[in-house]
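A closer look at the structure
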Amino acid sequence: MQNIKEEIHQKLLVAGRELVKNKGQEFLTARKLSEASGCSIGTIYNQFSSMDDFVAEQNEITLHELADKLYVADYKNDSYYNLNVMIETFTKFVSANKELWLLLYLFHLNRKDYKLTTSYKKRLFRLFGLTTESFEKLFPKLGRNRCKVMKNVLETGLFGLSAMLASGTLDEQSGKNMCRIFVNTFLAGITLLEKE
């Protein structure tokens, strides 16, 4: 019985992911998911207590896929270079997964009261933790707490810019360039701050 339930769960996740990729995040409704998966709306709500829970699980998959890309990127023994590799990998991923990224972005923007699961929080923590070592090596004089604040500001700004890249507000190359310029300008500003 458990295997059948898990198979249905996975079938819904795959169908929903394809629906978002092919039609757009605004197309993801229980009715459209039912049509795409061949499962009844009742079956969807037996698997997920709400569409928000369904979206959260989709977002967790997206975060996992992004983290996997970031973990295998070609890093060197140069923190500045590594941060730029991460930005390039991130923007390439967002460009290749625009609708899935918009689903994630809008969920975080509009569902601030949603209680994330522990596994979702771990994925976010894992993802944001990837830049910590390079950031602290690049700015050792700032101290751990100031580095953490600066890194959080940088990541929040980059997350905002990612929506412009995913939504098509900027063409792909302009969006990637804007993200790169933002990050490198921010890093240059921190370098000046560190010298004070």
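Thresholds applied
- Residues numbered from 1 in each chain as written.
- Predicted model: local features only at pLDDT ≥ 70, side-chain atom pairs only at ≥ 80, totals over all residues.
- Heavy atoms only, no water.
- Helix = DSSP H or I, 4+ residues; strand = E, 2+ residues; numbered from the N terminus.
- Buried < 20%, exposed > 50% of the residue type's maximum accessible area, 1.4 Å probe, protein only.
- Areas by Shrake-Rupley, 256 points an atom, 1.4 Å probe, with all protein chains shown as cover.
- Lys, Arg positive; Asp, Glu negative; His and termini not counted.
- Charge placed at Lys NZ, Arg CZ, Asp CG, Glu CD.
- 1 Å grid on protein atoms, 1.4 Å probe; cavity = no way out; pocket = protein on both sides within 12 Å on 5 of 7 lines; lining within 4 Å.
- Points joined across faces, edges and corners; volume = space filled by probe spheres on them.
- Nonpolar A, V, L, I, M, F, W, Y, C, P; charged D, E, K, R; others polar.
- Contact = heavy atoms within 4.5 Å.

**Concerning the overall build of the protein chain**
Helix and strand counts for the protein chain come out as ten helices and zero strands. When its helices and strands are written in sequence order, the protein chain yields α-α-α-α-α-α-α-α-α-α. Dimensions of the protein chain, computed from the C-alpha atoms along their principal axes, are close to 60 × 35 × 30 Å. The burial tally for the protein chain puts 43% of its 196 residues in the buried class. For the protein chain, the exposed area adds up to about 11,200 Å²; of that, 56% sits on carbon and sulfur atoms. One finds the centroid of the 27 positive side-chain charges in the protein chain at a distance of 2 Å from the centroid of its 23 negative side-chain charges.

**Here's the deal with the layout of surface pockets**
Taken as a whole, the largest pocket spans an internal volume of roughly 860 Å³. Lining the largest pocket we find 35 residues, and of these Leu-127, Phe-128, Lys-151, Glu-155 and Thr-156 sit closest to its centre. Among the secondary structure elements, those contributing two or more residues to the lining of the largest pocket are helix 4 (51-71), helix 5 (79-96), helix 6 (98-110), helix 7 (118-129), helix 8 (132-138), helix 9 (144-167) and helix 10 (172-195). In terms of residue count, the dominant contributor to the lining of the largest pocket is helix 9 (eleven residues). At the level of secondary structure, the elements contributing two or more residues to the lining of the second largest pocket comprise helix 4 and helix 6. When residues in the lining of the second largest pocket are grouped by element, the largest group, four residues, is from helix 6. Residues of the lining of the second largest pocket, tallied by class, amount to six nonpolar, three polar and three charged.

**Some remarks on the environment of Tyr-45**
Mapped onto the elements of the fold, Tyr-45 is located in helix 3 (residues 41-47). The spacing of Tyr-45 and Leu-116 is 71 residues in sequence and 18 Å in space, taken between C-alpha atoms. Here Tyr-45 is in contact with Ala-30, Ser-50 and Met-51, once residues within four sequence places are set aside.

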